[in-house]
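# An overview of the molecular structure
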Amino acid sequence: MTQSLSVAPTPSESTFKGIKDAGIDFIVSVPCANLKELIPMVDEAHDIIHLPVTREEEGVGVCAGAYMGGKKPAMLMQNSGLGNSINALASLNMLYGIPLLMIMSHRGVEGEPIVAQVPMGELTPKLLETMDIPYFLPEKGVDPADIIVKAWNVASEQKKPVAVLLPIPFWRRQA
Amino acid sequence: MKRIDAINEIAAKAKESGALLIGNIGIPCKEIHHVCDVPTNFYMLGSMGLASSIGLGLALSRPDKKVITIEGDGSILMNMGTLATIASQEPDNYLLVIVDNGAYGSTGNQPTATSKNTDLAAVAKGAGNKNVYVVANPEDLRETLRSTDKGIIVVKAEPGNTEAPVIEMTPEVILKRFMDISSQPSR
């Protein structure tokens with residue numbers, strides 16, 4: 001078995017590849033420490049419109065407008081932002097049938113050093129289930145890029161928001 | 001002037017210039033629908049505060065089209081960050097019209113902060129927007145609409161609603177007929 005550790009993609013590179021493979025061409029972002037390498041990659045991609053927003057709920061609105069303009073939108077965010085977005089996801093995306101890919105850094109789980117992240121971290125999967133928002137997790141042995149493509153396909157076919165939850169151990173996975 | 005006077009002017013401008021028009025939640029949408037129902041109108045039925053954001057996303061996605069959003073003072077106060085995000089992008093094809101009547105008009109005209117000390121034009125400027133206009137009568141609004149397709153117009157109005165009927169279209173139909181035009185490149 002050959003080892004090619006030096007060329008294996010980083011978590012951010014895998015996520016970015018998934019975004020490109022899914023054909024995402026419009027991204028809004030609210031930062032998270034786990035997204036600090038990914039956001040510049042998106043910003044430098046000439047075929048993706050990227051704008052930072054002030055709050056995730058605002059980003060849900062901007063992405064809905066982008067979809068109406070023919071784009072495939074995604075939001076880069078921390079899971080705390082789900083709490084800031086619930087009404088918009090329900091009374092805009094779910095109401096009209098507008099797809100959105102939410103790529104979420106999932107804080108407050110295994111390895112979390114900040115206690116304030118824990119309550120939302122634990123609530124995040126439950127909130128998504130309550131809202132009937134499908135979510136996807138990076139599975140061992142599966143290319144994260146493939147999960148992102150799959151998630152966008154579900155959003156697009158079912159015309160609804162979907163989430164990809166990328167927890168702390170995912171971001172620590174080293175090449 | 002009342003909000004309906006502003007809506008009359010803005011709907012006429014949208015029609016003339018072929019702009020896509022995003023309407024704010026509540027009675028404003030009903031009034032737009034009543035004044036001039038065309039497929040290039042998108043009516044918001046929920047998510048208060050996000051009309052300005054929807055318009056921004058649309059304008060950035062379709063630089064080949066003009067986009068106008070009608071917002072209220074209450075909505076802008078609920079999503080004030082939008083003024084900073086719009087300033088950071090400055091799209092040439094995006095005009096945000098804030099009808100400021102100092103009241104939450106759809107819920108019983110409770111006063112908003114703009115009825116006291118908040119100056120939305122100053123907030124918009126402070127957020128970094130260069131093209132900010134303030135008008136207080138239909139003639140000045142018409143003139144300003146004639147002279148620009150971008151920036152932010154704050155229309156000072158009095159509280160008061162018309163008896164515009166409920167929009168009977170389903171959300172799916174509103175979106176479908178709008179997107180048949182909004183998602184396609186202009187010829």
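Just so you know, these numbers come straight off a predicted model, no measurement behind them. (Residues numbered from 1 in each chain as written. Chains lettered and ligands numbered in written order. Predicted model: local features only at pLDDT ≥ 70, side-chain atom pairs only at ≥ 80, totals over all residues. Heavy atoms only, no water.)

### Some words on the overall build of chain B
Threshold: For the purposes of this entry, the term helix denotes a DSSP run of H or I that reaches at least four residues, the term strand denotes a run of E that reaches at least two, and both are numbered from the N terminus. Atoms counted for the radius of gyration: C-alpha only. Globule rule: 2.2 Å times the number of residues to the power 0.38. Each residue gets one of three labels from its accessible area relative to the maximum for its type: buried under 20%, exposed over 50%, partly exposed in between, using a 1.4 Å probe on protein chains only. A contact between two residues is defined here by any heavy atoms of the two lying within 4.5 Å.
Scanning chain B from terminus to terminus reveals 8 helices and 8 strands. Computed over C-alpha atoms, the radius of gyration of chain B comes to 15 Å, within 12% of the 16 Å expected from 2.2 N^0.38 for 187 residues, which places it in the range of a compact globule. Dimensions along the principal axes, computed over C-alpha positions, put chain B at roughly 45 × 35 × 30 Å. Burial analysis of chain B (187 residues in total) assigns 55% to the buried set. Restricting the contact set of chain B to residue pairs at least 6 apart, pairs at least 24 apart contribute 72%.

### Here we look at the pairing of strand β7 (residues 132-135) of chain B
All names here are of chain B. We apply this condition: At least two DSSP bridges between two strands are required for those strands to pair. Crossovers are marked right-handed if the path from the first strand over the helix to the second runs clockwise, as seen with the strands pointing away from the viewer.
Direction of pairing for β7 relative to strand β8 (residues 151-156): parallel, over a ladder of 4 bridges. Looking at the pairing, Val134 lines up with Val154 of β8. Once the chain exits β7 it traverses helix α7 (residues 138-147) before rejoining the sheet at β8, and the crossover so formed is right-handed.

### With respect to the UniProt feature "domain: Thiamine pyrophosphate enzyme TPP-binding" (unreviewed entry) in chain B
Test applied: UniProt positions are given in the numbering used here, feature names are shortened, and annotations may be inferred rather than shown by experiment.
When the UniProt feature table is mapped onto this chain, "domain: Thiamine pyrophosphate enzyme TPP-binding" (unreviewed entry) is found at residues 41-147 of chain B. Note that residues 41-147 of chain B is 40% helix and 22% strand, and that its end C-alpha atoms are spaced 22 Å apart.

### Quick look at the UniProt feature "domain: Thiamine pyrophosphate enzyme N-terminal TPP-binding" (unreviewed entry) in chain A
UniProt annotation of "domain: Thiamine pyrophosphate enzyme N-terminal TPP-binding" (unreviewed entry) refers to residues 14-112 of chain A when read in the numbering used here. With 43% helix and 21% strand, the stretch residues 14-112 of chain A has end C-alpha atoms that lie 22 Å from each other.

### Things to note about helix α8 (residues 171-182) of chain B
Stated precisely, the cut-off is as follows: To estimate the expected span of a helix, subtract one from its residue number and multiply by 1.5 Å.
A rise of 1.5 Å per residue sets the reference length of α8(B), with its 12 residues, at 16 Å; its end C-alpha atoms lie 16 Å apart and thus fit the reference within 8%. Residues of α8(B) that are buried: B:Pro171, B:Ile174, B:Leu175, B:Arg177, B:Phe178, B:Met179 and B:Ser182. As for α8(B), its buried residues are in contact with α3 (56-68) and α5 (86-96) of chain A together with β1 (20-23), β2 (41-43) and α3 (51-61) of chain B.

### Brief notes about the packing of aromatic side chains
Put simply, the rule is: The pairing test for Phe, Tyr and Trp rings, Trp by its six-membered ring, is centres within 6.5 Å, and the orientation test on the planes gives stacked under 30 degrees, edge-to-face over 60, and tilted for anything in between.
Counting across every chain of the model gives 3 aromatic pairs over all chains. With a centroid separation of 4.9 Å and 45 degrees between ring planes, the pair formed by A:Tyr96 and B:Phe42 is classed as tilted. Of the two residues, A:Tyr96 is situated in helix α5 and B:Phe42 in strand β2; the pairing between them involves two chains. Each of the two residues, A:Tyr96 as well as B:Phe42, counts as buried. Taking 5.5 Å as the distance between ring centres and 50 degrees as the angle between the ring planes, the aromatic pair formed by B:Phe42 and B:Phe178 counts as tilted. Taken together, the residues span a long stretch of sequence, with B:Phe42 in strand β2 and B:Phe178 in helix α8 at a distance of 136 residues. A residue is classified by how much of its surface remains accessible, and B:Phe42, at 0% relative accessible area, is buried. On the basis of relative accessibility, which here comes to 0%, the residue B:Phe178 falls in the buried class.

### A word on the interface of chain A and chain B
The cut-off we apply is this: Two parts lose some accessible area (1.4 Å probe) when they are put together, and adding that loss for both gives the buried area. The term polar contact refers here to a pair of N or O atoms within 3.5 Å; inside protein, the definition further demands a hydrogen-donor-capable atom paired with an acceptor-capable atom, and it admits residues adjacent in sequence only when both atoms are side-chain atoms.
Between chain A and chain B, the contact holds 26 residues from the first and 29 residues from the second. Contact with chain B buries surface across chain A, with A:Glu58, A:Met68 and A:Tyr96 losing the most and accounting together for 36% of the total. Between the two partners, chain A and chain B, sit 7 residue pairs in polar contact (both at pLDDT 80 or more). Looking at the side of chain A that touches chain B element by element, the count peaks at 9 residues for α3(A).

### Thoughts on unusual backbone geometry
One non-glycine residue, A:Lys159, lies in the positive phi region at around 50 degrees. Mapped onto the elements, A:Lys159 comes out in the loop between α7 (144-158) and β6 (161-167). The phi dihedral of B:Ser47 falls on the positive side, at around 45 degrees, and the residue is not glycine. Here B:Ser47 is to be found in the loop between β2 and α3. Its relative accessible area of 3% is what places B:Ser47 among the buried residues.

### Considering the nonpolar core
Short version of the rule: Throughout, nonpolar core names a set of buried Ala, Val, Leu, Ile, Met, Phe, Trp, Tyr and Cys residues whose side chains join them through atoms within 4.5 Å.
By size, the foremost hydrophobic cluster in this structure holds 78 residues, and its most contacted members are A:Met68, A:Met102, B:Ile10, B:Phe42 and B:Leu141. Dropping the residues within four chain positions of it, A:Met68 is found in contact with A:Ile98, B:Phe42, B:Ile54, B:Leu58, B:Leu175, B:Phe178, B:Met179, B:Ser182 and B:Ser183. One finds A:Ile24, A:Ile27, A:Val42 and A:Phe170 within the second-largest nonpolar core, a separate group that totals 28 residues.

### Concerning the sheet that holds β8(B)
Residue and element names in this part refer to chain B. Applied cut-off: An axis is simply a line fitted to the C-alpha atoms; with a helix, the fit covers only the stretch in contact. Between two such axes, the angle follows the N-to-C directions and lies from 0 to 180 degrees.
The 6 strands are arranged β2-β1-β3-β4-β8-β7 in an open sheet whose pairing can be described as parallel. Every other strand in the sheet has two partners, leaving β2 and β7 as the edge strands with one partner each. Neighbour to neighbour, the strand axes of the sheet diverge by 20 degrees on average, direction disregarded. As paired strands, β1 and strand β3 (residues 67-72) are joined by 4 bridges and run parallel to one another. Among the inter-strand pairings, Leu21 is bridged to a residue of β3, identified as Ile68.

### Thoughts on the side chain of B:Ser182
Relative to the elements of secondary structure, B:Ser182 occurs in helix α8. When its relative accessible area of 0% is taken as the criterion, B:Ser182 is described as buried. At 2.6 Å, the side chain of B:Ser182 and the backbone oxygen of A:Met68 are in polar contact. With sequence-adjacent residues up to four places away left out, B:Ser182 is seen in contact with A:Met68, A:Gly69, B:Leu20, B:Leu58, B:Arg62 and B:Lys65.

### Things to note about the pairing of strand β4 (residues 100-106) of chain A
Residues and elements named next belong to chain A. Counted residue by residue, β4 has 7 buried out of 7 residues, so it is predominantly covered. In β4, alternate side chains face the same way, and those of Leu100, Met102, Met104 and His106 on one face and Leu101, Ile103 and Ser105 on the other are all buried. Pairing of strand β3 (residues 73-78) with β4 involves 5 bridges; the strand directions are parallel. Within the sheet, the bridge partner assigned to Ala74 lies in β4 and is Leu101. In this sheet, β6 lies alongside β4 in parallel orientation, the contact comprising 7 bridges.

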